[in-house]
Amino acid sequence: MRVLRQSPVSGIALIIVMVCITVLSILAAGFAYSMKVETKLAMNANNESELISLGKSGVALAQWVLAQQMTISQEPYDSLNQKWAGGPGSMMTSNSPLADVVLDNIQLGRGTISLKIVDLERKVNINMADQAMLDQAMRLVGVDAGDAGPITASILDWIDPDKSQHVGGKEGDYYQSLDPPYLAKDGPLDDLSELLLVYGIREMPEIYWGGFAAARPPAAAQNRLGLQPRPGQPAGYGVGLVELFTPLSTGRLNLNTASQTTLQMIPFVDENIAAQIIQCRSGPDGVDGTEDDTPFRNPGEGLLCGGLNRGVVGQVQRYCDVRSSTFEVQVDAQINGYHRYFFAILARKSPRDVQVLTFNWKFSPPATSPNASHASAR
């Protein structure tokens with residue numbers, strides 16, 4: 001009997017074939033993955049123009065809603081129970097164009113949009129704040145008295161256009177000595193996060209954020225300079241400057257939308273008076289933004305309801321209002337699970353004049369405050 005033995009050459013050929021198959025499989029898998037990524041990128045690129053259109057449509061809807069709200073003669077105020085603020089709308093608006101308005105999950109073509117509108121008059125305008133208001137802000141945040149004075153002085157030095165240094169403050173020469181060096185603004189803040197560059201707040205960013213500052217991503221102003229929050233910052237403050245101030249507003253605080261803490265920025269208004277103002281406006285159920293809210297029709301009404309006497313009301317109502325004129329709009333635009341977040345600042349001067357001051361976008365929504373909603377007064 002003849003015994004056939006396998007040739008060593010045929011065994012090597014088999015190995016070569018198997019190696020080739022393996023290599024080709026790896027190449028095919030890599031090509032397939034690459035094509036999947038390219039397809040996804042192409043899809044996102046195709047969605048880009050549609051997402052921008054959705055974002056602009058959301059801002060246009062916000063303009064219309066805010067304009068319509070101003071035409072309701074029975075409501076000469078802006079409050080948290082109205083449609084623009086996400087409330088149910090009062091009974092007086094049942095026959096108005098706003099009656100059936102929704103701001104969440106609005107279908108437009110292949111995508112959807114969801115809106116959030118926040119008035120900026122619920123906060124104090126940092127560019128109009130004087131020494132007394134800044135000192136009060138430091139007390140509300142809980143800054144040590146020894147630190148509060150220099151920080152307040154440094155904020156004033158940062159905002160005012162001159163080179164004269166307030167007592168305990170810091171001007172441009174100090175910031176030029178830092179690593180990296182940078183210029184003092186010497187002008188109004190365009191973005192509140194610029195406060196993170198100011199002496200005292202730069203070293204203790206929890207004063208700005210409240211709570212754990214290390215949990216926050218660096219603000220745009222910090223990123224430009226390559227500054228990173230220091231790790232392990234203590235959660236020493238229950239409220240931050242970001243919850244009290246805005247760089248854009250008329251300068252008057254809306255008594256119908258301001259938080260209990262922010263109301264205490266008004267002279268002579270303490271914690272108890274602020275709580276009473278909230279109770280008066282929130283109606284029988286004691287909850288803001290519901291149907292039984294009883295918003296104030298003029299500042300004096302709110303201040304008197306809070307317990308201030310008429311003499312004091314005459315002095316402080318110039319700091320207050322019941323209308324808002326400046327609004328921030330956030331639009332969440334989505335197509336096939338791909339999100340883009342658009343942000344706009346609107347200035348409402350009349351029902352026929354609601355202007356878009358700024359319009360930009362981000363890949364992710366803004367971080368919320370660890371203590372309370374940045375944009376909510378509730």
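Our structure is the block above this text.
I will try to describe carefully the structure that is included in this document. This is a predicted model, so every value here is computed, not measured. (Residues numbered from 1 in each chain as written. Predicted model: local features only at pLDDT ≥ 70, side-chain atom pairs only at ≥ 80, totals over all residues. Heavy atoms only, no water.)

**Digging into the side chain of Asp-160**
Then, number 1: Locating Asp-160 in the fold gives a position in the loop between helix 3 (145–159) and helix 4 (172–176).
Then, number 2: Buried charge without a salt bridge: Asp-160, with Lys-163 as the nearest opposite-charge side chain at an N-O distance of 8.2 Å. (Helix = DSSP H or I, 4+ residues; strand = E, 2+ residues; numbered from the N terminus. Buried < 20%, exposed > 50% of the residue type's maximum accessible area, 1.4 Å probe, protein only. Lys, Arg positive; Asp, Glu negative; His and termini not counted. Salt bridge = Lys/Arg side-chain N within 4 Å of Asp/Glu carboxyl O.)

**Side note on the state of the cysteines**
Working definition of a disulfide: a covalent bond connecting the sulfur atoms of two cysteines.
Then, number 1: Tallied over the full model, the rule gives one disulfide.
Then, number 2: Cys-280 shares a disulfide with Cys-305; S-S distance 1.8 Å. Given an S-S torsion of about -85 degrees, the disulfide between Cys-280 and Cys-305 has left-handed geometry. Of the two residues, Cys-280 is situated in helix 8 (residues 271–282) and Cys-305 in helix 9 (residues 299–306); the sequence distance between them amounts to 25 residues. (Disulfide = S-S within 2.5 Å.)

**Remarks on the packing of aromatic side chains**
Then, number 1: Tallying each qualifying case throughout the model produces eight aromatic pairs.
Then, number 2: Measuring from centroid to centroid gives 6.4 Å for Trp-158 and Tyr-182, while their planes differ by 65 degrees, and the two rings are edge-to-face. Pair noted here: Trp-158 is in helix 3 and Tyr-182 is in the loop between helix 4 and helix 5 (206–209), with a separation of 24 residues, a long-range link. Per residue, the accessibility class of Trp-158 equals that of Tyr-182, and both read buried.
Then, number 3: Ring-pair connections join several aromatic residues into one group, and the members of that group are Trp-158, Tyr-174, Tyr-175, Tyr-182 and Tyr-199.
Then, number 4: One Lys or Arg, Lys-170, reaches over the ring of Tyr-174 and ends 5.1 Å from the middle of that ring.
Then, number 5: Over the face of the ring belonging to Trp-361 we find Arg-340, whose NZ or CZ atom lies 3.9 Å from the ring centre. (Phe/Tyr/Trp six-rings, centres within 6.5 Å; stacked < 30°, edge-to-face > 60°. Lys NZ or Arg CZ within 6 Å of the ring centre and 35° of its normal.)

**Let's talk about the nonpolar core**
Then, number 1: Ile-155, Leu-195, Ile-201, Leu-241, Phe-245 and Leu-263 are the most contacted members of the largest nonpolar core, which totals 58 residues.
Then, number 2: Looking at this core, the elements that each hand over two or more residues are helix 2 (131–141), helix 3, helix 4, helix 5, helix 8 and helix 10 (310–316).
Then, number 3: Setting aside residues up to four positions removed in sequence, Ile-201 forms contacts with Ile-151, Ile-155, Leu-195, Leu-196, Ile-207, Tyr-208 and Leu-241.
Then, number 4: Counting residues in hydrophobic clusters, the runner-up holds 27 residues, among them Trp-84, Val-101, Ile-113 and Ala-333. (Core = buried A, V, L, I, M, F, W, Y, C linked by side-chain atoms within 4.5 Å. Contact = heavy atoms within 4.5 Å.)

**Here we look at the sheet that holds strand 2 (residues 111–119)**
What holds strands together in a sheet is hydrogen bonding between their backbones, with the strands either parallel or antiparallel.
Then, number 1: The strand order 1-2-7-8-9 describes an open sheet built from five strands, whose pairing is antiparallel. Here the strands that pair on one side only, and so sit at the sheet edges, are strand 1 (106–108) and strand 9 (353–362). The mean angle between the axes of side-by-side strands here comes to 30 degrees, regardless of whether they run parallel or antiparallel.
Then, number 2: Two strands pair when backbone bridges link them, and strand 8 (residues 338–350) and strand 9 are joined in this way by nine bridges, in the antiparallel orientation. Bridge pairing in strand 9 links Phe-342 to Trp-361. (Pairing = 2+ DSSP bridges. Axes fitted to C-alpha atoms, helices over the stretch in contact; angles between N-to-C directions.)

**What to know about unusual backbone geometry**
Then, number 1: At the junction of Asp-179 and Pro-180, the peptide bond is cis and its omega measures out at 0 degrees in the coordinates.
Then, number 2: Relative to the assigned elements, Pro-180 resides in the loop between helix 4 and helix 5.
Then, number 3: Residues other than glycine seldom take positive phi values, yet Phe-268 does so here, at roughly 75 degrees.
Then, number 4: Among the structural elements, Phe-268 can be located in the loop between helix 7 (260–263) and helix 8.
Then, number 5: The backbone phi angle of Asn-336 is positive, close to 55 degrees, even though this residue is not glycine.
Then, number 6: Relative to the assigned elements, Asn-336 resides in the loop between strand 7 (326–335) and strand 8.

**Brief notes about helix 2**
Then, number 1: Taken together, the buried positions of helix 2 are occupied by Met-133, Leu-134, Gln-136, Ala-137, Met-138, Leu-140 and Val-141.
Then, number 2: Against strand 3 (124–125), helix 3, helix 5, strand 4 (245–246) and helix 7 lie the buried residues of helix 2.

**Re the environment of Arg-202**
Then, number 1: Within the secondary structure, Arg-202 sits in the loop between helix 4 and helix 5.
Then, number 2: In this structure Arg-202 comes out as partly exposed when scored by relative accessible area, which is 21%.
Then, number 3: There is a polar contact of 3.2 Å between the side chain of Arg-202 and the side chain of Tyr-182. (Polar contact = N/O pair within 3.5 Å; in protein donor to acceptor, adjacent residues only side chain to side chain.)

Taken by themselves, the reported measurements are silent on function.
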